[in-house]
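Residue-level structural notes
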Amino acid sequence: TLASPGVISSSVGLSHIGEFTANTVLATNTAAIIQLQDCFTSEFSVYRILGSIGGGHDSEDDSQFRFLSSGTTSLDSGYYWALTGLDDAGTTNAAQGANTNQANWNKNCATTITHKIDMHIYFGGGSGSIAFLGRTSYHDQGGDRGFIDFGGRCEAASEADGIEFFVDDGGNMSVCNFTVYGYRTTQQA
C-alpha cells in the first residue's frame with residue numbers, strides 16, 4: 001500500500017502548473033534501451049511523461065522500464081508493480097511483480113508494435129520511494145489493439161535523474177518521441 005498524501009487546501013486555491021523539462025526523439029530502429037537522461041530535478045516532486053514507442057522484437061515480449069541515477073546508472077532493484085488491460089477481443093491481460101529489478105508497463109508485445117504512453121511519477125511518495133501510475137495503448141501489425149493500466153513503486157530510491165525503457169528480449173526499439181513535464185504547486189492570486 002502507498003501512504004496517502006496530505007490534503008492541500010487554500011482559501012484562494014492551488015494549481016499544479018506543468019513546466020516543460022525534457023524532450024527526446026529517436027527515429028531509428030537500433031536502440032535496445034531508450035534512456036531519458038537528466039530529465040528529473042529536485043525542483044519538482046511530480047512528473048508527467050508523454051510519448052510513443054515502436055520497434056521490432058520477438059512476439060509475446062514485455063515492455064519494461066527502470067529509473068536512472070547519476071546519468072546512466074539504472075536503479076535495478078525494489079520494484080513492486082501491477083498492470084491490467086483489455087484488448088479488442090475482450091481478453092484481459094494482467095500481471096504483477098514484487099521486488100523485481102524493473103517495472104512492466106505492457107505485456108505480450110507483438111513483433112512490430114506501436115505504444116502510446118502517459119505516466120505520472122511521484123518522488124518521495126509511498127514511504128520515501130518512487131511511485132508511478134500510467135496508461136499505455138497499443139496497436140500491433142496483426143490489428144490487435146487495446147490498453148494497459150499500470151502502477152507501482154520503486155523502493156530502491158526516493159528520487160532519480162531519468163528513466164529508461166526496454167523490452168525483455170533486448171530487441172530494438174524506435175520511433176521514440178517523449179516529452180517530460182515537471183509539476184509544482186502554485187497559489188493563485
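Because the structure is a prediction, the values reported are computed rather than measured.

Moving on, we get to the overall build of the protein chain. Along the protein chain, the regular secondary structure elements total one helix and 14 strands. Within the protein chain, buried positions represent 44% of all 189 residues. Restricting the contact set of the protein chain to residue pairs at least 6 apart, pairs at least 24 apart contribute 74%. Within the structure as shown, the protein chain displays about 9,100 Å² of accessible surface, and the carbon and sulfur contribution to it stands at 47%.

Another point: the nonpolar core. Grouped together as the largest cluster of nonpolar side chains are 38 residues, with contacts concentrated most on Phe-40, Phe-65, Phe-67, Met-119, Ile-121, Ile-163 and Phe-165. Here the element with the most residues in this core is strand E9 (residues 112–124); it accounts for five residues. Non-local contacts of Phe-40, meaning those with residues more than four positions away in its chain, are made with Tyr-47, Ile-49, Phe-67, Ile-121, Phe-123, Ala-160, Asp-161, Gly-162, Ile-163 and Val-180.

In terms of burial, strand E4 (residues 61–69) is a largely internal element, eight of the nine residues being buried. Examined bridge by bridge, E4 and strand E8 (residues 103–109) share four bridges and lie antiparallel to one another. Bridging from a neighbouring strand, Asp-61 pairs with Cys-109 of E8. Alignment of E4 against strand E12 (residues 162–167), held across six bridges, turns out to be antiparallel. Bridged to Ser-63 within E12 is Val-167. In terms of strand pairing, E4 meets strand E5 (residues 73–75) through three bridges, oriented antiparallel. Counted as the bridge partner of Leu-68 is Ser-74 from E5. The turn joining E4 and E5, which pair antiparallel and follow one another in sequence, is formed by three residues; a positive phi near 55° is taken by Ser-70.

Procedures and definitions
Residues numbered from 1 in each chain as written. Predicted model: local features only at pLDDT ≥ 70, side-chain atom pairs only at ≥ 80, totals over all residues. Heavy atoms only, no water. Helix = DSSP H or I, 4+ residues; strand = E, 2+ residues; numbered from the N terminus. Buried < 20%, exposed > 50% of the residue type's maximum accessible area, 1.4 Å probe, protein only. Contact = heavy atoms within 4.5 Å. Areas by Shrake-Rupley, 256 points an atom, 1.4 Å probe, with all protein chains shown as cover. Core = buried A, V, L, I, M, F, W, Y, C linked by side-chain atoms within 4.5 Å. Pairing = 2+ DSSP bridges.

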